[in-house]
Every structure is written in structure tokens, then in C-alpha cells.
Amino acid sequence: MCMYWFTKKPSLDLLWFVQPIFWTDPRAAISQAYLQTDAYILEKTEELGIGGSTAVTAIVIDNSSAYIANVGDSRAVLCRAGVATQLTVDHDPLSEKAHIQGKGGRVTVLPGDVPRVNGQLAVGRAFGDKNLKTLLRVDPDICCIQIDVTDEFLILASDGLWKVVENQVAVDLVREVKDPKAAAKQLVDYAIEHDSKDDISCVVVRFHQLHSRARPSCF
């Protein structure tokens, strides 16, 4: 089993809690890990600050299946036979509007700006963000895929990439780049060249062939 995990706060990138129930109930284990991560961030507010983080997780099992999860607008995109398939859900405030309003919050959309929770946060689910915590969900969306012989690689990245790079464009940019580290760097460089103003985290996981070991890299 290989696991790839990052949040938008680098100090939390290696944070993962052992979940004994993973092999019997992987979805429950992943959800519990996300909840524990959120609790840890809130406990460390003085150290980490009052802000928050999004996250995307990929757990690859024997290069035959993968569990993909996310909170916020960090995204996982699969390249299958050259075609980009988005595996995650972007949790923007509009998609979470019913929950936010049910908790007494509001979603504002000002001219020239993106939707925001109480005029502040541009995502509807997130770790941390103590000041808005009562309005935000932290349970991840989770999907499981069977890795096919036509599956070439995964791209996991924060919204700093996806704001300026469409899914298929990202796949096309690095499909012929065999080294995953070089592919991740190329995507980051491309986003910067196209005026991304947000922080950018990127992981490329390449599948060489079915039942071989996937090689991770991050930038």
C-alpha cells in the first residue's frame, strides 16, 4: 500500500493517524483520519495560526486499486488512456450552501469575486479556520477506483494549479514526461507562467504497468 497526502500547509504534509480499521472499513478509516487531522490543527491554533487548509489523499493498494479523498478544492485527476477524469469534488461555498445556511452562515457573491463563506473563505469544507469552524464541514468525499491497464498517472494538486490549468490541459502537458518529479515541476512552472496567484502543491503518481509498484513524486 502506498499513500500520498498533502495539505496546503507544508508543516502538516506528513500528518497521518494510524487507523486499525482501514482494512475492514477503509472509508470510515479515511473519514476518521480527516476528523483527527482537523482536531489536531484546531488544538495547535497558537502554533499554526487561525487559518485553515484543504487536502487531497490518494491511497494506492498494490497498484490495483486506490482510495481518493479530499476536503476543499484540492483536486485529483486521473489520466486514463490520455483522457482526464476528475476524481474529486471541489467543495466551493455554493455547493455547500445548504449546510452553511443551516448552521446560520451565509454565502456571499460580490461582483468580481468568488463566492465566500461569510464574505471570507472561498471553500465550503476545510481543516482549521477556527473562526468559521461551526459553518464548515470537514468530512471528505471519498471514491474508490480499480486501476486499469489504461490508467497512466494521477495528478494531485491544490487550487493554485487548477485555477489556471484545466484538467485535460494538465494531463496533456505531462503525459509524455516519464519522470513524475519532472512532471510535477512542469505543472507548477506552467501555472506560475499563467499568473497563478495562489500557493501551488502538486504530486504526480505514475503507474508503469498493472501490478507494478507506482512511483510517487511531489514538488
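Residues numbered from 1 in each chain as written. Predicted model: local features only at pLDDT ≥ 70, side-chain atom pairs only at ≥ 80, totals over all residues. Heavy atoms only, no water.

The protein carries the name PPM-type phosphatase domain-containing protein in an unreviewed UniProt entry, which gives Ceratopteris richardii as its organism.

Time to look at helix H5 (residues 167–174). Along H5, the positions that sit buried rather than exposed are Asn167, Ala170, Val171 and Val174. The arc that holds every buried residue of H5, seen down its axis, measures 95°, which confines them to one face. Along its buried surface, H5 packs onto strand S5 (75–80), strand S6 (83–86), strand S11 (151–157), helix H4 (159–162), helix H6 (180–193) and strand S12 (202–206). (Buried < 20%, exposed > 50% of the residue type's maximum accessible area, 1.4 Å probe, protein only. Helix = DSSP H or I, 4+ residues; strand = E, 2+ residues; numbered from the N terminus. Arc of directions from axis to C-beta. Contact = heavy atoms within 4.5 Å.)

Let us look at the pattern of salt bridges. Inspection of every chain in the model, using the stated rule, returns 13 salt bridges. A salt bridge links Glu152 to Arg175, with the shortest nitrogen-to-oxygen separation between them at 2.9 Å. Of this pair, Glu152 sits in strand S11 while Arg175 sits in the loop between H5 and H6, and the two are 23 residues apart along the sequence. Taking the relative accessible area as the measure of exposure, Glu152 reaches 16% and is therefore buried. For Arg175, a relative accessible area of 30% translates into the label partly exposed. With a closest N to O distance of 3.1 Å, Asp198 and Lys163 form a salt bridge. Of this pair, Asp198 sits in the loop between H6 and S12 while Lys163 sits in the loop between H4 and H5, placing them 35 residues apart in sequence. One connected set of salt bridges, linked through shared partners, spans Glu96, Arg125, Arg137, Asp139 and Asp141. (Salt bridge = Lys/Arg side-chain N within 4 Å of Asp/Glu carboxyl O.)

Before going further, it helps to spend a moment on the packing of aromatic side chains. Under the criterion given, the structure shown has three aromatic pairs. When the centroid spacing of 5.0 Å and the interplanar angle of 85° are considered together, the rings of Phe22 and Trp23 count as edge-to-face. Given the relative accessible area of 9%, Phe22 is considered buried. Ring plane angle 75° and centroid distance 6.1 Å describe the contact between Phe22 and Tyr67, whose orientation is recorded as edge-to-face. Linking Phe22 in the loop between strand S1 (2–7) and helix H1 (26–43) with Tyr67 in strand S4 (residues 65–71), this pair joins segments that are 45 residues apart in sequence. Accessibility assignment for this pair places Phe22 and Tyr67 in one class, buried. (Phe/Tyr/Trp six-rings, centres within 6.5 Å; stacked < 30°, edge-to-face > 60°.)

What follows covers unusual backbone geometry. Unusually for a residue other than glycine, Asn118 sits at a positive phi of about 50°. Within the secondary structure, Asn118 sits in the loop between strand S8 (116–117) and strand S9 (127–128). On the accessibility criterion, Asn118 (19% relative accessible area) is buried.

In this fold, Pro180 is placed in helix H6. The exposure class of Pro180 is buried, given its relative accessible area of 3%. Separated by 25 residues in sequence, Pro180 and Val205 have C-alpha atoms that sit 6.4 Å apart.

A few words now on the nonpolar core. Counting 20 residues, the largest nonpolar core has Ile155, Leu161, Trp162, Val171, Val174, Leu187 and Cys202 as its most contacted members. Those elements giving two or more residues to this core turn out to be S5, S11, H4, H5, H6 and S12. Counting residues per element, this core draws most heavily on H6, at five residues. Counting 16 residues, the second largest nonpolar core, distinct from the first, contains Val56, Ile68, Ile147 and Leu154. (Core = buried A, V, L, I, M, F, W, Y, C linked by side-chain atoms within 4.5 Å.)

Between its first and last C-alpha, H6 extends 20 Å over 14 residues, near the 20 Å set by a 1.5 Å rise per residue. Among all positions of H6, only Pro180, Ala183, Ala184, Leu187, Val188 and Ala191 are buried. The buried residues of H6 occupy an angular sector of 135° when the element is viewed end-on, so they sit on one face. Seen from the buried face of H6, the exposed residues on the opposite side, beyond 90 degrees, are Lys181, Ile192 and Glu193. Once H6 ends, the next one or two residues include Asp195, with phi positive near 65°. (Expected span 1.5 Å × (residues − 1).)

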